[in-house]
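For reference, the chains in residue letters:
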Amino acid sequence: QVQLVESGGGLVQPGGSLKLSCAASGFTFSSYWMYWVRQAPGKGLEWVSRISSGGGRTYYADFVKGRFTISRDNAKNTLYLRMNSLKSEDTAVYYCASKKDPNLKEYDYWGQGTQVTVSS
């Protein structure tokens, strides 16, 4: 069955760094665009970043541009999000998600999420 399993979250001080991973299985990972989406406490889902199926194109929300880097290793079926200069407002559950067609609104698959807490 399809699985997206995030890891790497935790508690970090403001200004610190974390690297999230998302291990994919059960589908052809290299054929899908991959996304990071987050949900802060009491707020809705917020798109963070996306990467094309081959990894050559990356896009970021303005609020993470210059601080976060999305990447993927199709040989390992794994998606990454390197997060630097973390701020308290980055505190959220981070989900990875996938789309076969990036033009469609709905995601095909979701992970269970990993908690990132930025606090001193």
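The following paragraphs examine the structure supplied in this document.

Cut-offs used in this document
Residues numbered from 1 in each chain as written. Predicted model: local features only at pLDDT ≥ 70, side-chain atom pairs only at ≥ 80, totals over all residues. Heavy atoms only, no water. Core = buried A, V, L, I, M, F, W, Y, C linked by side-chain atoms within 4.5 Å. Buried < 20%, exposed > 50% of the residue type's maximum accessible area, 1.4 Å probe, protein only. Helix = DSSP H or I, 4+ residues; strand = E, 2+ residues; numbered from the N terminus. Contact = heavy atoms within 4.5 Å.

Side note on the nonpolar core
The biggest cluster of nonpolar side chains holds 28 residues, and the ones touching the most others in it are Trp36, Phe68, Leu79, Leu81, Met83 and Tyr94. Mapped onto this core, the elements with two or more residues apiece are strand S3 (18-25), strand S4 (33-39), strand S5 (45-51), strand S7 (68-73), strand S8 (78-83), strand S9 (92-99) and strand S11 (114-118). No other element matches the 4 residues that S3 contributes to this core. Leaving out residues up to four positions away in the same chain, leucine 79 has contacts with Leu20, Ser21, Cys22, Phe29, Met34, Tyr35, Trp36, Ile51, Ile70, Ser71, Arg72 and Cys96.

A closer look at unusual backbone geometry
Although it is not a glycine, asparagine 77 adopts a positive phi angle of roughly 50 degrees. Assignment of secondary structure puts asparagine 77 in the loop between S7 and S8. The backbone of serine 85 shows a phi angle near 50 degrees, a positive value even though the residue is not glycine. Residue classification places serine 85 among the partly exposed residues on the basis of a relative accessible area of 42%.

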